[in-house]
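Report on the structure
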Amino acid sequence: MLLDEDGDDPFPAGADVFDETFCEDQVYTLLGQELKIRQMFGAQLGVAAPVWDAALHLCRFMEKHGVELRGKRVVELGAGTGVVGIAASLIGAHVTLTDLPLALTQLQANVNLNAPPGGWLSVPPAVLPLSWGQDHTRFSSDWDLVLGTDIVYLPETFPLLLETLAHLCKRGATVYLSSKMRAEHKTSEFFEDYLSRRFHVELVEHDEEQNIHIFRAHLTKDRSPPLNVDAFTEQQ
């Protein structure tokens, strides 16, 4: 799904990928649920290993603004630890967690750690591999919500992410993307120049202190007006 700055897969194949791994468990309260999240550091998982602030911000935003999750079909891209999707599943969403194949061990471990004693309200979260722009067509377009947190930071993946989002949203899904706006990774460029080509994009939350933005988007048949992130934040 994501490539490193040299264009290589950040999760190289090999039996030693999880050698010298150490785990850190942390407890979060999100969407009114307590989650235990395991982070596998030293496992060559790179950006997939930790819980990023953008993920916590998205959970808090959805809770604050009453984003309906119960009974909704939700797919999370670049799920990493799975903290967002697992929290949604605990309150009754039908969740599919996706990432590159070598991140799936951590994802499944966290699903297992958070399995309610009485069973999931809907169904257990599904954990599936997804490489943007390559095998996205194996997934349906019948989603209510498409979620992603801190997945926008490598410009060479922007067209692949856009293609994947467009496929997943063909039947009207709402996209929520929470991102730390990193100038060195041209994050703003994705939302202003790429996503707005195919989607109507709104900046719905801005944390000035941590420079984290939350965007809501819907696929549109017509090209949307360009999104000017800087102009929006200047008005806040």
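Residues numbered from 1 in each chain as written. Predicted model: local features only at pLDDT ≥ 70, side-chain atom pairs only at ≥ 80, totals over all residues. Heavy atoms only, no water.

**Let's talk about the overall build of the protein**
- Counting its regular elements, the protein contains six helices and nine strands.
- Per-residue burial over the protein gives 51% buried out of 236 residues.
- In the protein, of all internal contacts separated by at least 6 residues, the share reaching a separation of at least 24 is 68%.
- Element-wise, carbon and sulfur atoms account for 46% of the exposed surface of the protein, whose accessible area totals about 10,800 Å². (Helix = DSSP H or I, 4+ residues; strand = E, 2+ residues; numbered from the N terminus. Buried < 20%, exposed > 50% of the residue type's maximum accessible area, 1.4 Å probe, protein only. Contact = heavy atoms within 4.5 Å. Areas by Shrake-Rupley, 256 points an atom, 1.4 Å probe, with all protein chains shown as cover.)

**Notes on the packing of helix H4 (residues 158-168) against helix H5 (residues 187-198)**
- In the contact formed by H4 and H5, the axes pass within 10 Å of each other and the chain directions differ by 35°. Both H4 and H5 take part in a crossing whose hand is right-handed. Residues Phe158, Pro159, Leu161, Leu162, Leu165 and Ala166 of H4 touch H5, and the partners they reach there are Phe190, Tyr194, Leu195, Arg197 and Arg198. (Axes fitted to C-alpha atoms, helices over the stretch in contact; angles between N-to-C directions. Left-handed = near helix turned anticlockwise from the far one by under 90°.)

**Side note on the confidence of the model for the protein**
- Chain-level pLDDT for the protein is 87 on average; 81% of the residues reach the 70-or-more range.
- Below pLDDT 50 for its whole length, residues 1-19 participates in 54 contacts with residues either more than four positions away or in separate chains.
- In the predicted structure, residues 231-236 sits below a pLDDT of 50 and forms five contacts with residues beyond four places in sequence or in another chain. (pLDDT = per-residue confidence, 0-100.)

**Points about the pattern of salt bridges**
- Using the criterion set out here, one finds six salt bridges in the structure.
- Between Arg73 and Asp142 there is a salt bridge, and its shortest N-O distance comes to 3.4 Å. Taken together, the residues Arg73 in strand E3 (residues 73-77) and Asp142 in the loop between strand E5 (126-129) and strand E6 (145-149) connect sequence positions 69 residues apart.
- Its relative accessible area of 32% is what places Arg73 among the partly exposed residues.
- Measuring nitrogen to oxygen at the nearest pair gives 3.1 Å for the salt bridge that ties Asp150 to Arg182. One end of the pair, Asp150, is in the loop between E6 and H4; the other, Arg182, is in the loop between strand E7 (174-180) and H5, and 32 residues separate them in sequence.
- Taking relative accessible area as the criterion, Asp150 reaches 11% and is therefore assigned buried.
- Several salt bridges converge on common partners, so that one network encompasses Asp25, Lys36 and Arg38. (Salt bridge = Lys/Arg side-chain N within 4 Å of Asp/Glu carboxyl O.)

**Regarding helix H3 (residues 104-113)**
- Regarding H3, the residues found buried are Leu104, Gln106, Leu107, Ala109, Asn110 and Val111.
- Buried residues belonging to H3 abut strand E2 (33-41), helix H2 (83-90), strand E4 (94-99) and E5.

**Quick notes on the pairing of E5**
- Pairing geometry for E4 and E5, over four bridges, is parallel. Across the sheet, the residue bridging to Asp99 is Pro129, located in E5.
- Following the chain from E4 across H3 to the adjacent parallel E5, one finds a crossover that is right-handed. (Pairing = 2+ DSSP bridges. Right-handed = clockwise from strand over helix to strand, strands pointing away.)

**With respect to the environment of Ser89**
- Within the element layout of this structure, Ser89 appears in helix H2.
- Linking Ser89 and Trp120, residues 31 residues apart in sequence, is a C-alpha distance of 7.5 Å.
- Excluding residues that lie within four positions of it along the chain, Ser89 makes contacts with Val95, Trp120, Val123 and Pro125.

**Describing the sheet that holds E6**
- Strand order in this open sheet of seven strands is E5-E4-E3-E6-E7-E9-E8, and the pairing throughout is mixed. The open sheet is flanked by E5 and strand E8 (199-207), the only strands paired with a single partner. On average, adjacent strands in this sheet sit at an angle of 20° to one another, irrespective of strand direction.
- Both E3 and E6 contribute to a ladder of four bridges, which runs parallel. Paired with Val75 across the two strands is Val146, which belongs to E6.
- H2 rests against E3, E4 and E6 of the sheet, and its axis sits at about 170° to E4.
- On top of the sheet, H4 reaches E3, E6, E7, E8 and strand E9 (212-219); it is set at about 175° to E3, its chief contact.

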